[in-house]
Amino acid sequence: MAEVKLAVLGGSGAGKSALAVRFLTRRFIGEYASNAECIYTKHLCLDGRQIHLEIYDPCSQPQRGKLSLTDELHWADGFIIVYDISDRASFAFAKALLYRIRESHIGGCKKMVESSVFLVGNKQDLCHMREVGWDEGQKLATDNKCQFCELSAAEHYQEVVAMFMKVLRNITSNFKAKEKRRPSGSKSMAKLINNVFGKRRKSV
Ligand SMILES: Nc1nc2c(ncn2[C@@H]2O[C@H](COP(=O)(O)OP(=O)(O)OP(=O)(O)O)[C@@H](O)[C@H]2O)c(=O)[nH]1
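Residues numbered from 1 in each chain as written. Predicted model: local features only at pLDDT ≥ 70, side-chain atom pairs only at ≥ 80, totals over all residues. Heavy atoms only, no water.

*Asks:* Honestly, the packing of helix α3 (residues 88-104) against helix α5 (residues 134-143) in this entry has me stumped. Any pointers?
*Replies:* Between two packed helices, what matters for the description is the angle formed by their axes and the separation of those axes. With their axes 11 Å apart at the nearest point, α3 and α5 run at an angle of 10° to one another. The angle between the axes of α3 and α5 places the two elements in the roughly parallel class. Contacts between α3 and α5 involve Arg88, Phe91, Lys95, Leu98 and Arg102 on the former and, on the latter, Glu136, Gly137, Leu140 and Asp143. Considered class by class, the residues forming the contact of α3 with α5 number 3 nonpolar, 1 polar and 5 charged. (Axes fitted to C-alpha atoms, helices over the stretch in contact; angles between N-to-C directions. Helix = DSSP H or I, 4+ residues; strand = E, 2+ residues; numbered from the N terminus. Parallel < 35°, antiparallel > 145°, perpendicular 65-115°, else oblique. Contact = heavy atoms within 4.5 Å. Nonpolar A, V, L, I, M, F, W, Y, C, P; charged D, E, K, R; others polar.)

Below is the structure:
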């Protein structure tokens, strides 16, 4: 079973917990304890493939033992970067997070990292209090070559599921691409030995 680790990152109050819980339980819960980070786990079937999913939802309150951003970058296979369309500060925070992810693209090649990052403008239902335009979000995503959508964890269950499934598909296709790229050491070594000794044996 493929293990997928997804970090949902963003500014305080952007709706990280609301999005994760909405995806996992279909329910929108108004208030979450913001002093606890959690890792939700879920088994799901994606295109016929069993996935063991871990979703990391950090807490915004400074806390002893809390994962640092560097830890989060090393831990996750993919990222959902959330901002609140009615809060420009959360958009600035999302921009800084995207920069850090691009700069750190640990292990994976740049393209793979970009495809496993999804920028989400949450709280679209608060359009009367909008501070960040859709086009600003789209431009930030284009500049960072990642996917983008605006939605509302409060009102859009289907859109939330579709967004999570899209980023999970990208992550698992990255896994397959990495598998293909991995030089199968044993095979190439066996081939090398065979070529060397095989030839010699033949010539004897
Ligand atoms: N109107 C509206 N409110 C939302 C939406 N998503 C989350 N909220 C509210 O925004 C507040 C913060 O939501 P959380 O999910 O706790 O946000 P968070 O990013 O996990 O917050 P921290 O844990 O403090 O970092 C809560 O009061 C939610 O009810 C949404 O789509 N629309």
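So, next bit.
*Asks:* Is there a simple way to think about unusual backbone geometry in this case?
*Replies:* If a residue is not glycine, its phi is most likely negative; likewise, a peptide bond is most likely trans. Positive phi outside glycine occurs at Asp47, with the angle close to 50°. Tracing the chain through its elements places Asp47 in the loop between β2 (38-46) and β3 (49-57). Residue class for Asp47 comes out exposed when judged on its relative accessible area of 58%. (Buried < 20%, exposed > 50% of the residue type's maximum accessible area, 1.4 Å probe, protein only.)

*Asks:* Explain the nonpolar core here, please?
*Replies:* Inside soluble globular proteins, nonpolar side chains tend to come together where they are buried. Core analysis: the biggest nonpolar cluster contains 33 residues, and Phe23, Leu53, Ile80, Met163 and Leu168 have the highest contact counts within it. Those elements giving two or more residues to this core turn out to be β1 (2-10), α1 (16-25), β2, β3, β4 (78-84), β5 (117-122) and α6 (157-181). Sorting elements by how many residues they give to this core places α6 first, with 10 residues. Of all hydrophobic cores here, the second largest spans 22 residues; its members include Tyr56, Ala76, Ile81 and Val117. (Core = buried A, V, L, I, M, F, W, Y, C linked by side-chain atoms within 4.5 Å.)

*Asks:* Just to check I follow, could you spell out the environment of Arg169 for this structure?
*Replies:* Tracing the chain through its elements places Arg169 in helix α6. Using a relative accessible area of 38% as the deciding quantity, one classes Arg169 as partly exposed. In this structure, the C-alpha to C-alpha distance between Arg169 and Leu46, residues 123 residues apart in sequence, is 7.6 Å. Those residues in contact with Arg169 that lie beyond four places of it in its chain are Leu46 and Asp47.

*Asks:* What is the right way to look at the pattern of salt bridges in this model?
*Replies:* Any two side chains of opposite charge can pair, so long as their charged atoms come close to each other. Applying the stated rule across the entire model yields 6 salt bridges. Lys139 is paired through a salt bridge with Asp143; the nearest N and O atoms lie 2.6 Å apart. Of this pair, Lys139 and Asp143 both sit in helix α5, separated by 4 residues, roughly a single helical turn. (Salt bridge = Lys/Arg side-chain N within 4 Å of Asp/Glu carboxyl O.)

*Asks:* So what exactly am I meant to see when it comes to the packing of aromatic side chains here?
*Replies:* Two measures describe an aromatic ring pair: the distance that separates the ring centres and the angle between the ring planes. What the rule picks out here adds up to 4 aromatic pairs. When the ring of Phe23 is compared with that of Phe164, the centres are 4.2 Å apart and the planes differ by 5°; the resulting orientation is stacked. Pair noted here: Phe23 is in helix α1 and Phe164 is in helix α6, with a separation of 141 residues, a long-range link. (Phe/Tyr/Trp six-rings, centres within 6.5 Å; stacked < 30°, edge-to-face > 60°.)

*Asks:* What exactly am I supposed to notice about the state of the cysteines here?
*Replies:* When the sulfur atoms of two cysteines share a covalent bond, that bond is a disulfide. The full count for this structure, using the stated rule, is 0 disulfides. In this structure Cys146 is a free cysteine whose sulfur lies 11 Å from that of Cys149, the closest cysteine sulfur available. Owing to a relative accessible area of 11%, Cys146 belongs among the buried residues under this scheme. Residue Cys149 is classed as buried on the basis of its relative accessible area, which comes to 18%. (Disulfide = S-S within 2.5 Å.)

*Asks:* Would you explain the pairing of β3 in this entry?
*Replies:* Sheet faces and side chains relate simply in a regular strand, where the side chains alternate between the two faces. The element β3 is extensively covered by neighbouring structure, given that 7 of its 9 residues are classed as buried. The pairing of β1 with β3 spans 6 bridges and is classified as parallel. Pairing of Glu3 across the sheet is with His52, part of β3. Where β2 and β3 come together, 9 bridges link them in antiparallel fashion. Looking at β3, one finds that Leu46 is bridged to Arg49. Taking the residues that link successive antiparallel strands as the turn, the β2-β3 hairpin has 2 residues, and the phi of Asp47 there is positive, at about 50°. (Pairing = 2+ DSSP bridges.)

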